[in-house]
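Listed below are the residues making up each chain.
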Amino acid sequence: MEPLTFKEAQRQVDAWISQFKEGYFPPLLMLARLTEELGEVARVLAHRHGKKPKPGEAEGDLAEELADLLFVLISLANREGIDLEEAFRKAMEKYAKRDATRWSRP
């Protein structure tokens, strides 16, 4: 199976959302959705690594929650006309320059 690029992920999300009359949510609603999905990621991690998970609460699926977060993030990028491949490339260049000597290498 071919690796999924950001461009293809953005195309798939757009195809999904475009089939509905309502289309993309407004930006502030997407921000709320991102926050909600991030909270679900936090719940899974707190359950896995925290000191006191709630009794009887299922751990949850971290991969599923991260994918949900990614879907909303891609939706926001699409709505705002952002090419995530280019944005990610620029971010990696920034980190490579800024943090090249920040941490110890093995």
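See the structure shown above.
Calculation notes
- Residues numbered from 1 in each chain as written.
- Predicted model: local features only at pLDDT ≥ 70, side-chain atom pairs only at ≥ 80, totals over all residues.
- Heavy atoms only, no water.
- Helix = DSSP H or I, 4+ residues; strand = E, 2+ residues; numbered from the N terminus.
- Buried < 20%, exposed > 50% of the residue type's maximum accessible area, 1.4 Å probe, protein only.
- Expected span 1.5 Å × (residues − 1).
- Arc of directions from axis to C-beta.
- Salt bridge = Lys/Arg side-chain N within 4 Å of Asp/Glu carboxyl O.

Engineer: What is the right way to read the environment of Arg-102 from this model?
Structural biologist: Secondary-structure assignment places Arg-102 in the segment after helix H4 (84–98). Given the relative accessible area of 53%, Arg-102 is considered exposed. In this structure the C-alpha to C-alpha distance between Arg-102 and Thr-5, which are 97 residues apart in sequence, comes to 29 Å.

Engineer: When you look at H4 in this model, what are you seeing that I'm missing?
Structural biologist: A turn of α-helix holds 3.6 residues, and therefore any two residues three or four places apart point the same way. End to end, H4 covers 21 Å across 15 residues, agreeing with the expected 21 Å (1.5 Å per residue, within 8%). Inspection of H4 places Leu-84, Glu-85 and Ala-91 among the buried residues, and these make up the whole buried set. The buried residues of H4 all sit within an arc of 125° when viewed along its axis, so they share a single face. Every exposed residue of H4 that faces more than 90 degrees away from the buried side is listed here: Lys-90 and Lys-97.

Engineer: What exactly am I supposed to notice about the pattern of salt bridges here?
Structural biologist: Pairs can form between side chains of opposite charge whenever their charged atoms are close. All chains considered together, the criterion is met by eight salt bridges. Its salt-bridge partner being Asp-99, residue Arg-102 comes within 3.6 Å of it at the nearest N-O pair. Overall, Asp-99 belongs to the buried group, its relative accessible area being 13%. Three or more residues are tied together by salt bridges with common partners; here these are Arg-98, Asp-99 and Arg-102.

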